[in-house]
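# Understanding the architecture of this molecule
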Amino acid sequence: MKSKVLNNQQGFILPLTMILSLVFIAFIFHALFLLQSDRTFFQHTQTHFFLQQLRECALNDFQQKLEQDALPDEGTFNYHNGTVQYIVTEDSAFVTINFTVHYGDEREIDRIVYDRESGNPVRWLERIS
């Protein structure tokens, strides 16, 4: 009678173990996907923040140099997080500054136009290319 019980092949432990393992692996892959997505979002947000910070520092420096009338036709501002390269084009009424903000491997090209009389910005374009 014992041999009939030992030869019973209708178990449920193996299929249950396989199903639970599959569910566990699916949760692990889902968590890894969320982690990678969060990392990518954080890196993109950090890069955008530093580019914006560099742009604001450069605009402040442009404003000061224009007030002092000491802005050369081209040059570079070096900051802790990156650099800003600029080219100045002047005409009778406006001063146009094309500048490139560099942070790591990322860069953005912006343009700002100042009114010569008032010294205030008239037009401002971000991320031209």
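Note that the structure is a prediction, hence the values are computed from the model and not measured.

## Thoughts on unusual backbone geometry
Within the chain, aspartate 69 stands out as a residue other than glycine whose phi angle is a positive 55°. Within the chain, arginine 127 stands out as a residue other than glycine whose phi angle is a positive 55°. With respect to the helices and strands, the residue arginine 127 is situated in the segment after β5 (121-125). With a relative accessible area of 40%, arginine 127 lands in the partly exposed category.

## A word on the pairing of strand β1 (residues 74-78)
Walk down a regular strand and you will see the side chains alternate between the two sheet faces. Of the strand pairs in this sheet, β1 and strand β2 (residues 83-90) are connected by five bridges, and their pairing is antiparallel. Within β2, the residue paired with glycine 75 across the bridge is tyrosine 86. Here β1 hands over to β2 after four residues, the two strands then running antiparallel side by side.

## Here we look at the sheet that holds strand β4 (residues 106-115)
Pairing is antiparallel in the open sheet, where five strands are placed in the order β1-β2-β3-β4-β5. Sheet topology places β1 and β5 at the edges, where each strand pairs with a single neighbour. The average angle at which neighbouring strand axes cross in this sheet is 20°, direction not considered. As paired strands, strand β3 (residues 94-103) and β4 are joined by ten bridges and run antiparallel to one another. Paired with valine 95 across the two strands is tyrosine 114, which belongs to β4. Its contacts with the sheet put helix α2 (residues 13-68) on β1, β2, β3, β4 and β5, and the angle it makes with β3 is roughly 145°.

## Some thoughts on the pairing of β3
When you tally the buried positions in β3, you get seven out of ten residues, the bulk of the element. Pairing between β2 and β3: eight bridges, direction antiparallel. In the strand pairing of β3, threonine 83 is matched with histidine 102. What sits between β2 and β3 in their antiparallel hairpin is a turn of three residues. Remark: two residues form the turn of the hairpin made by β3 and β4, two consecutive strands paired antiparallel; glycine 104 in that turn has positive phi of roughly 60°.

Conventions used here
- Residues numbered from 1 in each chain as written.
- Predicted model: local features only at pLDDT ≥ 70, side-chain atom pairs only at ≥ 80, totals over all residues.
- Heavy atoms only, no water.
- Helix = DSSP H or I, 4+ residues; strand = E, 2+ residues; numbered from the N terminus.
- Buried < 20%, exposed > 50% of the residue type's maximum accessible area, 1.4 Å probe, protein only.
- Pairing = 2+ DSSP bridges.
- Axes fitted to C-alpha atoms, helices over the stretch in contact; angles between N-to-C directions.
- Contact = heavy atoms within 4.5 Å.

In short, shape yes, function no, at least from these values alone.
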